[in-house]
Amino acid sequence: MAENEFLDRTKAVNGCLSMLLLSIILATLPYFLESRDALIRKGLFYPLIYLTQFLVIFTLYLLFFRKREGLGKGEMKGRYFAVFIFCIFVIQFVLPRALGLTKSEDWLTGQMSLPGWTLLFNALLLTFVVPVYEEIIFRGCLFNALMYWFNDRVYWSSLVLAATFSLLHTQYTDPRTFFLLFLVSLVLTAARVKTKGLCLPVALHMIMNGSVSVLSYLFITVSGR
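Residues numbered from 1 in each chain as written. Predicted model: local features only at pLDDT ≥ 70, side-chain atom pairs only at ≥ 80, totals over all residues. Heavy atoms only, no water.

Caption draft 1: Just the overall build of the protein chain, in detail. From N to C terminus, the protein chain includes 10 helices and zero strands. The order of α-helices and β-strands along the protein chain, N terminus first, is α-α-α-α-α-α-α-α-α-α. Here the protein chain has a C-alpha radius of gyration of 18 Å; the compact-globule value for 225 residues is 17 Å, and the two agree. In terms of overall dimensions, the protein chain has C-alpha extents of about 60 × 45 × 30 Å along its principal axes. Within the span of the protein chain, comprising 225 residues, buried residues form 45% of the whole. Put simply, 76% of the contacts in the protein chain that link residues at least 6 apart link residues at least 24 apart. (Helix = DSSP H or I, 4+ residues; strand = E, 2+ residues; numbered from the N terminus. Rg over C-alpha atoms; globule rule 2.2 N^0.38 Å. Buried < 20%, exposed > 50% of the residue type's maximum accessible area, 1.4 Å probe, protein only. Contact = heavy atoms within 4.5 Å.)

Caption draft 2: Highlighting the environment of glutamine 171. Position of glutamine 171 relative to the elements: it lies in the loop between α8 (154–167) and α9 (175–195). As a C-alpha pair, glutamine 171 and glutamate 105 span 66 residues in sequence and 8.9 Å in three-dimensional space.

Caption draft 3: Molecular detail of the layout of surface pockets. The calculated volume of the largest pocket comes to roughly 1,300 Å³. At the level of elements, α1 (3–28), α3 (45–65), α4 (78–98), α5 (106–112), α7 (130–149), α9 and α10 (199–223) are the ones that each hand at least two residues to the lining of the largest pocket. Here the residues of the lining of the largest pocket sort into 27 nonpolar, 15 polar and four charged. (1 Å grid on protein atoms, 1.4 Å probe; cavity = no way out; pocket = protein on both sides within 12 Å on 5 of 7 lines; lining within 4 Å. Points joined across faces, edges and corners; volume = space filled by probe spheres on them. Nonpolar A, V, L, I, M, F, W, Y, C, P; charged D, E, K, R; others polar.)

Caption draft 4: Summary view of the packing of aromatic side chains. Evaluation of the coordinates by the stated rule reveals 12 aromatic pairs. Seen in terms of ring centroids, tyrosine 46 and tryptophan 107 are 5.7 Å apart; in terms of plane orientation they differ by 90°. Their pairing is edge-to-face. Taken together, the residues tyrosine 46 in helix α3 and tryptophan 107 in helix α5 connect sequence positions 61 residues apart. Ring geometry for phenylalanine 54 against phenylalanine 58: centres 5.2 Å apart, planes inclined by 10°, an arrangement best described as stacked. (Phe/Tyr/Trp six-rings, centres within 6.5 Å; stacked < 30°, edge-to-face > 60°.)

Caption draft 5: Layout of the environment of alanine 12. If you trace the backbone, alanine 12 turns up in helix α1. Residue classification places alanine 12 among the partly exposed residues on the basis of a relative accessible area of 23%. Between the C-alpha atom of alanine 12 and that of cysteine 141, which follows or precedes it by 129 residues, the distance is 9.1 Å.

Caption draft 6: Up close: a nonpolar patch on the surface. Among the surface-exposed residues, Phe86, Phe89, Val90, Phe93, Val94, Ile207, Val214, Leu215, Tyr217 and Leu218 lie close enough to one another that they form a single nonpolar patch of about 850 Å² accessible area. Going through the elements one at a time, α4 and α10 are the ones with two or more residues in the nonpolar patch. As for its position among the elements, phenylalanine 89 is in helix α4. Its relative accessible area of 32% is what places phenylalanine 89 among the partly exposed residues. (Patch = residues over 30% accessible without salt bridge, like charges linked within 9 Å, V, L, I, M, F, W, Y side chains within 5 Å. Areas by Shrake-Rupley, 256 points an atom, 1.4 Å probe, with all protein chains shown as cover. Salt bridge = Lys/Arg side-chain N within 4 Å of Asp/Glu carboxyl O.)

Caption draft 7: Main features of the packing of α8 against α9. In contact at an axis separation of 8 Å, α8 and α9 are set at 135° when each is read in the N-to-C sense. As far as their axial angle goes, α9 and α8 are oblique. Regarding α8 and α9, the two cross each other, and that crossing is right-handed. Across the interface between the two elements, Val154, Ser158, Leu159, Leu161, Ala162, Ala163, Phe165, Ser166 and Leu167 from α8 touch Phe178, Leu181, Phe182, Ser185, Leu186, Thr189 and Val193 from α9. Residues of the contact of α8 with α9, tallied by class, amount to 12 nonpolar, four polar and no charged. (Axes fitted to C-alpha atoms, helices over the stretch in contact; angles between N-to-C directions. Parallel < 35°, antiparallel > 145°, perpendicular 65-115°, else oblique. Left-handed = near helix turned anticlockwise from the far one by under 90°.)

Caption draft 8: Summary view of α7. Spanning 20 residues, α7 covers 27 Å between terminal C-alpha atoms, matching the ideal 28 Å at 1.5 Å per step. For α7, the buried fraction is high: 19 of the 20 residues fall into the buried class. Directly after α7, the chain includes asparagine 151, whose backbone phi takes a positive value near 55°. (Expected span 1.5 Å × (residues − 1).)

Caption draft 9: How the structure looks around unusual backbone geometry. Although it is not a glycine, asparagine 151 sits at a positive phi angle of roughly 55°. Locating asparagine 151 in the fold gives a position in the loop between α7 and α8.

Caption draft 10: Up close: the side chain of serine 166. For serine 166, the location among the structural elements is in helix α8. Residue classification places serine 166 among the buried positions, given a relative accessible area of 4%. The contacts of serine 166, once residues within four sequence positions are left out, are Phe178, Leu181 and Phe182.

Caption draft 11: α3, seen in detail. Taking 1.5 Å per residue as the helical rise, α3 with its 21 residues ought to reach 30 Å, and the 28 Å between its terminal C-alpha atoms agrees with that figure. Those residues of α3 that fall on the buried side of the exposure criterion are Phe45, Pro47, Ile49, Tyr50, Gln53, Phe54, Ile57, Tyr61 and Phe65.

See below:
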């Protein structure tokens, strides 16, 4: 690798890591607000986090990252979509039963118990906003950085990314949930690699979050959990 190419790629990796660090900071700052408890009671604390991360991360993506390798739209192919969405549904709705995970996590139960428009607002953000910036951060920026560190070894990069993705979802507590998130990340990364872009991972992530939100709400409502 030529020296100029090495320097350019190093700068690109540093930029990608900065996006991850910025995302963590943006997710952490609201916890220091004096109005935090009031926002939590009103069901507006997490929407504040979601919208702040989206506005900052997506703006930076449009300005500096969207033309980088693997961070564009990529190819949308029907056969890839069918295979990957099937894998997502198996991981989300079949595997939990096999693992004995029949009770919703406390965080999810709390979200699905929000009143009226607040519940709808949270659900819409989880479905259409969160997947956008999470895919930019994880399958976009962090995956590129890991590919650089592991000399373009896809498997090692995917495994480390999956571990990072699952562990950063700190709202969950059950180890089985982290394992499911680990598997979800592998599927989304495979979609990113196969299509050479983020459009399919974002679409899969949206469908996953939307279906989980709807079915969790129905389950919690019917069972009273």
